[in-house]
Amino acid sequence: MVEDKELKRHITYLKMASEWSSNSCCKRKKVGALIVKGNMIISDGYNGTPSGFPNDCEDMNGDTQWYVLHAEANAITKLAKSTQDSNGSTLYLTLSPCRDCSKLIIQSGIKRVIYKEEYRDLDGLKILKEAGVSLLKLDYGGN
């Protein structure tokens with residue numbers, strides 16, 4: 001059971017992830033991520049193209065370009081370039097992770113994923129659960 005104070009903190013971080021998602025240039029879906037350890041944000045990310053690429057996430061048909069990075073992948077790779085350690089941290093996401101990002105989450109030592117909405121493919125959540133990562137869907141009713 002999540003205590004009121006802890007729930008309020010989770011909602012605050014999810015709201016921050018949602019706000020961070022507004023930095024995305026993607027049209028179909030804007031996703032934000034925060035990695036938190038010891039009540040401190042140690043990384044953040046949003047979905048978009050790699051550095052140096054045009055900020056066009058979708059092709060002429062409206063499909064996502066194959067090279068677009070997901071929010072959690074951006075946050076994890078940003079963290080890898082820092083002096084911070086993700087072991088035991090919590091990942092806050094506006095959208096639950098896909099299969100590929102779930103593998104990155106497991107390998108990076110993140111122990112809890114809190115998300116607002118579910119991605120269409122739930123295989124990412126299944127592998128996280130199998131790996132012992134704590135999952136919490138938290139729809140707080142806001143953006």
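Quantities reported herein were computed from a predicted structural model and do not represent experimental measurements.

Conventions used here
Residues numbered from 1 in each chain as written. Predicted model: local features only at pLDDT ≥ 70, side-chain atom pairs only at ≥ 80, totals over all residues. Heavy atoms only, no water. Core = buried A, V, L, I, M, F, W, Y, C linked by side-chain atoms within 4.5 Å. Buried < 20%, exposed > 50% of the residue type's maximum accessible area, 1.4 Å probe, protein only. Helix = DSSP H or I, 4+ residues; strand = E, 2+ residues; numbered from the N terminus. Contact = heavy atoms within 4.5 Å. Disulfide = S-S within 2.5 Å. Pairing = 2+ DSSP bridges. Right-handed = clockwise from strand over helix to strand, strands pointing away.

1. Side note on the nonpolar core
Then, number 1: Of all hydrophobic cores here, the largest spans 22 residues; its most connected members are Ala33, Ile35, Leu91, Leu93, Ile105, Ile110 and Val113.
Then, number 2: Contributing elements (two or more residues each) for this core: strand E1 (32-37), helix H2 (71-80), strand E3 (90-95), helix H3 (99-108), strand E4 (112-117) and helix H4 (123-130).
Then, number 3: Sort the elements by how many residues they give to this core and H2 lands first, with five residues.
Then, number 4: Excluding residues within four positions of it along the chain, Ile35 makes contact with Met40, Ile41, Ile42, Ser43, Ala75, Ile76, Leu79, Ser89, Thr90, Leu91 and Ile110.
Then, number 5: The next biggest cluster of nonpolar side chains, apart from the first, holds nine residues, and it includes Ala17, Leu34, Tyr92 and Ile114.

2. Some words on the state of the cysteines
Then, number 1: Enumeration according to the criterion identifies one disulfide in this entry.
Then, number 2: Covalently, Cys26 is tied to Cys57 through a disulfide, its sulfur atoms 2.3 Å apart. As the torsion about the S-S bond is roughly -70°, the Cys26-Cys57 disulfide counts as left-handed. Of the two residues, Cys26 is situated in the loop between helix H1 (4-21) and E1 and Cys57 in the loop between strand E2 (40-46) and H2; the sequence distance between them amounts to 31 residues. No difference in accessibility class separates Cys26 from Cys57, as the two residues are buried.
Then, number 3: We note that Cys98 lacks a disulfide partner, and the nearest cysteine sulfur, in Cys101, lies 3.8 Å from it.
Then, number 4: Judged by relative accessible area, which is 4%, Cys101 ranks as buried.

3. Observations regarding the pairing of strand E5 (residues 134-137)
Then, number 1: Summarising the sheet, E4 and E5 pair through four bridges and their orientation is parallel. Of the residues in E5, the one forming a bridge with Val113 is Leu135.
Then, number 2: Handedness of the crossover is the feature at issue here: the chain leaves E4, passes through H4, returns alongside E5, and the resulting connection is right-handed.

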